[in-house]
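# A closer look at the structure
Below are the chains, spelled out letter by letter.
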Amino acid sequence: GLSHEINNPLANISTRAQMLLNSNISPKDKQSLSTIIEQAHRAHEMIGDLMQCAKQPDVQLEWFDAKELVNQVLTNTPTGLITPAIQIVPRLPTVPVQVLSDRALLHEVLDILYCNALEAIRQGGTLVVELNSSAESIQFSFIDSGIGLSIEARRHALDPFYSGREAGRGLGMGLCKANHFINVLGGHLELNSQPQSGCRASAIIPLQLSRP
(Lines give C-alpha, C1' and ligand atoms only; values in the text may rest on other atoms or scores of the structure.)
Protein backbone atom coordinates (compact mmCIF):
# COMPACT_ATOMS: atom_id res chain seq x y z
CA GLY A 1 0.00 0.00 0.00
CA LEU A 2 2.82 2.40 0.84
CA SER A 3 4.46 1.67 -2.51
CA HIS A 4 1.22 2.51 -4.28
CA GLU A 5 0.74 5.75 -2.31
CA ILE A 6 4.29 6.92 -3.10
CA ASN A 7 4.28 5.91 -6.77
CA ASN A 8 1.04 7.80 -7.50
CA PRO A 9 2.45 11.28 -6.74
CA LEU A 10 5.73 10.33 -8.45
CA ALA A 11 3.80 9.48 -11.61
CA ASN A 12 1.86 12.75 -11.31
CA ILE A 13 5.08 14.76 -10.92
CA SER A 14 6.68 13.02 -13.89
CA THR A 15 3.62 13.43 -16.13
CA ARG A 16 3.18 17.13 -15.37
CA ALA A 17 6.90 17.75 -15.89
CA GLN A 18 6.73 15.94 -19.24
CA MET A 19 3.84 18.17 -20.31
CA LEU A 20 5.72 21.34 -19.35
CA LEU A 21 8.87 20.05 -21.06
CA ASN A 22 6.98 19.99 -24.37
CA SER A 23 5.83 23.59 -24.02
CA ASN A 24 7.58 26.73 -25.23
CA ILE A 25 10.03 27.34 -22.36
CA SER A 26 13.67 28.36 -22.03
CA PRO A 27 16.54 25.83 -22.32
CA LYS A 28 17.32 26.40 -18.62
CA ASP A 29 13.75 25.46 -17.63
CA LYS A 30 13.88 22.41 -19.92
CA GLN A 31 17.03 21.25 -18.15
CA SER A 32 15.39 21.71 -14.75
CA LEU A 33 12.31 19.75 -15.84
CA SER A 34 14.49 16.96 -17.23
CA THR A 35 16.17 16.71 -13.82
CA ILE A 36 12.75 16.51 -12.10
CA ILE A 37 11.68 13.68 -14.42
CA GLU A 38 14.97 11.83 -13.94
CA GLN A 39 14.78 12.04 -10.15
CA ALA A 40 11.12 10.96 -10.10
CA HIS A 41 12.07 7.88 -12.13
CA ARG A 42 14.99 7.23 -9.77
CA ALA A 43 12.66 7.33 -6.76
CA HIS A 44 10.28 4.96 -8.59
CA GLU A 45 13.16 2.53 -9.17
CA MET A 46 14.10 2.68 -5.49
CA ILE A 47 10.54 1.74 -4.50
CA GLY A 48 10.58 -1.10 -7.03
CA ASP A 49 13.88 -2.46 -5.70
CA LEU A 50 12.62 -2.31 -2.13
CA MET A 51 9.46 -4.17 -3.13
CA GLN A 52 11.57 -6.90 -4.75
CA CYS A 53 13.45 -7.34 -1.47
CA ALA A 54 10.24 -7.39 0.57
CA LYS A 55 8.14 -9.74 -1.54
CA GLN A 56 8.59 -13.48 -1.99
CA PRO A 57 9.19 -14.04 -5.71
CA ASP A 58 7.33 -16.74 -7.59
CA VAL A 59 9.97 -19.41 -8.21
CA GLN A 60 9.89 -21.06 -11.64
CA LEU A 61 12.03 -24.20 -11.57
CA GLU A 62 13.67 -25.55 -14.72
CA TRP A 63 16.76 -27.50 -15.70
CA PHE A 64 19.44 -25.39 -17.39
CA ASP A 65 23.18 -25.21 -17.96
CA ALA A 66 24.86 -23.03 -15.31
CA LYS A 67 27.94 -22.60 -17.50
CA GLU A 68 25.81 -21.20 -20.31
CA LEU A 69 24.13 -18.81 -17.86
CA VAL A 70 27.50 -17.46 -16.68
CA ASN A 71 28.61 -16.90 -20.27
CA GLN A 72 25.37 -15.04 -20.95
CA VAL A 73 25.96 -12.75 -17.97
CA LEU A 74 29.52 -12.03 -19.10
CA THR A 75 28.38 -11.31 -22.65
CA ASN A 76 25.65 -8.83 -21.69
CA THR A 77 27.88 -6.37 -19.84
CA PRO A 78 26.22 -2.97 -19.24
CA THR A 79 27.65 -0.20 -21.41
CA GLY A 80 30.48 1.70 -19.78
CA LEU A 81 31.53 -0.92 -17.21
CA ILE A 82 34.13 -2.67 -19.37
CA THR A 83 37.29 -0.75 -20.29
CA PRO A 84 40.61 -1.83 -21.87
CA ALA A 85 42.14 -1.61 -18.38
CA ILE A 86 39.89 -4.39 -17.07
CA GLN A 87 40.78 -8.03 -17.69
CA ILE A 88 38.09 -10.71 -17.36
CA VAL A 89 39.39 -14.23 -16.64
CA PRO A 90 36.68 -16.94 -16.85
CA ARG A 91 37.49 -20.22 -15.11
CA LEU A 92 34.60 -22.42 -16.16
CA PRO A 93 34.22 -26.20 -16.51
CA THR A 94 34.77 -27.70 -19.94
CA VAL A 95 31.44 -29.53 -19.76
CA PRO A 96 27.88 -28.32 -19.05
CA VAL A 97 26.73 -28.13 -15.42
CA GLN A 98 23.03 -28.90 -15.18
CA VAL A 99 21.12 -27.28 -12.30
CA LEU A 100 17.47 -27.27 -11.30
CA SER A 101 16.63 -23.76 -10.13
CA ASP A 102 15.02 -20.49 -11.22
CA ARG A 103 17.03 -19.26 -14.18
CA ALA A 104 15.76 -15.66 -14.10
CA LEU A 105 16.38 -15.14 -10.38
CA LEU A 106 19.85 -16.68 -10.59
CA HIS A 107 20.66 -14.53 -13.63
CA GLU A 108 19.71 -11.44 -11.61
CA VAL A 109 21.98 -12.50 -8.74
CA LEU A 110 24.97 -13.16 -11.00
CA ASP A 111 24.44 -9.93 -12.88
CA ILE A 112 24.50 -7.97 -9.62
CA LEU A 113 27.70 -9.66 -8.41
CA TYR A 114 29.32 -9.17 -11.82
CA CYS A 115 28.48 -5.46 -12.04
CA ASN A 116 29.59 -4.87 -8.44
CA ALA A 117 32.95 -6.48 -9.17
CA LEU A 118 33.39 -4.36 -12.31
CA GLU A 119 32.60 -1.23 -10.33
CA ALA A 120 35.30 -2.23 -7.81
CA ILE A 121 37.95 -2.28 -10.57
CA ARG A 122 36.53 0.57 -12.62
CA GLN A 123 39.98 2.19 -12.88
CA GLY A 124 41.59 -1.07 -13.99
CA GLY A 125 42.30 -4.54 -12.67
CA THR A 126 41.45 -8.22 -13.01
CA LEU A 127 38.18 -10.04 -12.46
CA VAL A 128 38.26 -13.84 -12.18
CA VAL A 129 34.93 -15.59 -12.69
CA GLU A 130 34.75 -19.15 -11.35
CA LEU A 131 32.13 -21.88 -11.52
CA ASN A 132 32.62 -24.91 -9.27
CA SER A 133 30.24 -27.74 -8.46
CA SER A 134 30.07 -30.68 -6.08
CA ALA A 135 27.63 -33.55 -5.74
CA GLU A 136 25.10 -31.33 -3.96
CA SER A 137 25.85 -27.67 -4.66
CA ILE A 138 27.19 -25.19 -7.18
CA GLN A 139 29.26 -22.07 -6.47
CA PHE A 140 29.58 -18.95 -8.63
CA SER A 141 32.47 -16.68 -7.61
CA PHE A 142 33.50 -13.21 -8.77
CA ILE A 143 37.01 -12.35 -7.55
CA ASP A 144 38.14 -8.78 -8.19
CA SER A 145 41.51 -7.12 -7.61
CA GLY A 146 40.00 -3.91 -6.23
CA ILE A 147 40.67 -2.20 -2.93
CA GLY A 148 38.44 -4.61 -1.02
CA LEU A 149 35.72 -3.85 1.52
CA SER A 150 36.17 -1.74 4.61
CA ILE A 151 35.06 -3.06 8.00
CA GLU A 152 31.91 -0.94 7.77
CA ALA A 153 31.17 -2.14 4.22
CA ARG A 154 31.52 -5.79 5.24
CA ARG A 155 29.14 -5.19 8.15
CA HIS A 156 26.45 -3.44 6.10
CA ALA A 157 26.97 -4.78 2.56
CA LEU A 158 23.68 -6.71 2.54
CA ASP A 159 21.62 -3.92 4.13
CA PRO A 160 19.08 -2.11 1.92
CA PHE A 161 20.15 1.34 0.67
CA TYR A 162 23.73 0.93 1.90
CA SER A 163 26.35 1.81 -0.69
CA GLY A 164 30.07 2.27 -0.34
CA ARG A 165 30.16 4.34 -3.53
CA GLU A 166 29.90 8.09 -3.73
CA ALA A 167 26.42 9.61 -3.86
CA GLY A 168 24.60 9.07 -7.14
CA ARG A 169 26.54 5.94 -8.14
CA GLY A 170 23.92 3.44 -7.02
CA LEU A 171 20.81 2.89 -4.94
CA GLY A 172 22.46 0.44 -2.54
CA MET A 173 19.90 -2.29 -3.23
CA GLY A 174 21.97 -4.66 -5.38
CA LEU A 175 23.50 -6.98 -2.79
CA CYS A 176 20.38 -6.81 -0.62
CA LYS A 177 18.30 -7.99 -3.58
CA ALA A 178 20.87 -10.64 -4.56
CA ASN A 179 20.94 -11.97 -1.00
CA HIS A 180 17.13 -12.16 -0.90
CA PHE A 181 16.94 -14.02 -4.21
CA ILE A 182 19.74 -16.45 -3.36
CA ASN A 183 18.03 -17.30 -0.06
CA VAL A 184 14.82 -18.01 -1.98
CA LEU A 185 16.85 -20.40 -4.14
CA GLY A 186 17.96 -22.31 -1.03
CA GLY A 187 21.48 -20.89 -1.01
CA HIS A 188 23.53 -18.08 0.49
CA LEU A 189 25.99 -15.32 -0.38
CA GLU A 190 29.56 -15.15 0.88
CA LEU A 191 31.66 -11.97 0.84
CA ASN A 192 35.33 -12.53 1.65
CA SER A 193 37.48 -9.41 1.61
CA GLN A 194 40.17 -7.50 3.40
CA PRO A 195 41.03 -3.83 2.79
CA GLN A 196 43.42 -3.36 -0.14
CA SER A 197 43.23 -7.06 -1.09
CA GLY A 198 40.21 -7.33 -3.40
CA CYS A 199 36.97 -9.14 -2.79
CA ARG A 200 35.57 -12.60 -3.49
CA ALA A 201 31.78 -12.61 -3.81
CA SER A 202 30.25 -16.09 -4.08
CA ALA A 203 26.71 -17.31 -4.65
CA ILE A 204 26.19 -20.90 -3.49
CA ILE A 205 22.99 -22.81 -4.29
CA PRO A 206 21.93 -26.47 -4.32
CA LEU A 207 22.29 -28.27 -7.63
CA GLN A 208 18.66 -29.28 -7.35
CA LEU A 209 16.17 -27.08 -5.55
CA SER A 210 13.22 -28.99 -4.18
CA ARG A 211 9.90 -28.08 -5.68
CA PRO A 212 7.43 -26.38 -3.32
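Values in this document were obtained by computation on a predicted structure and should not be read as measured data.

Our focus in this paragraph is the environment of Arg 154. Locating Arg 154 in the fold gives a position in helix H5 (residues 151-156). Separated by 51 residues in sequence, Arg 154 and Ile 205 have C-alpha atoms that sit 21 Å apart. Those residues in contact with Arg 154 that lie beyond four places of it in its chain are Leu 149, Ser 193, Gln 194 and Pro 195.

This paragraph deals with the pattern of salt bridges. In this structure the tally under the stated criterion is 4 salt bridges. Between Arg 122 and Glu 119 there is a salt bridge, and its shortest N-O distance comes to 3.0 Å. The residue Arg 200 makes a salt bridge to Glu 130 at a minimum N-O spacing of 2.9 Å. Residue Arg 200 is located in strand E7 (residues 199-206), and its partner Glu 130 is located in strand E4 (residues 125-133); the two are separated by 70 residues in the primary sequence. On the basis of relative accessible area, Glu 130 is assigned to the buried category, the value being 14%.

When the pLDDT values of the protein chain are averaged, the result is 87; 92% of them are 70 or greater. No element of the protein chain has a lower mean pLDDT than H5, which averages 80, and none a higher one than strand E5 (residues 137-144), which averages 97.

Spatially, the 5 strands line up as an open sheet ordered E2-E4-E5-E7-E6, and their pairing is mixed. Looking along the sheet, the strands with just one partner apiece sit at the ends: strand E2 (86-91) and strand E6 (188-193). Strand-to-strand twist in this sheet, taken as the mean axis angle between neighbours without regard to direction, amounts to 15°. Bridge count between E2 and E4: 6 bridges; the pairing is parallel. What sits directly across from Val 89, in E4, is Val 128. With respect to the sheet, helix H4 (residues 103-120) is in contact with E2, E4, E5, E6 and E7, its orientation differing from that of E5 by roughly 20°. The strands touched by helix H6 (residues 174-184) within the sheet are E6 and E7, with E6 carrying the most contacts at an inclination of about 135°.

Conventions used here
Residues numbered from 1 in each chain as written. Predicted model: local features only at pLDDT ≥ 70, side-chain atom pairs only at ≥ 80, totals over all residues. Heavy atoms only, no water. Helix = DSSP H or I, 4+ residues; strand = E, 2+ residues; numbered from the N terminus. Contact = heavy atoms within 4.5 Å. Salt bridge = Lys/Arg side-chain N within 4 Å of Asp/Glu carboxyl O. Buried < 20%, exposed > 50% of the residue type's maximum accessible area, 1.4 Å probe, protein only. pLDDT = per-residue confidence, 0-100. Pairing = 2+ DSSP bridges. Axes fitted to C-alpha atoms, helices over the stretch in contact; angles between N-to-C directions.

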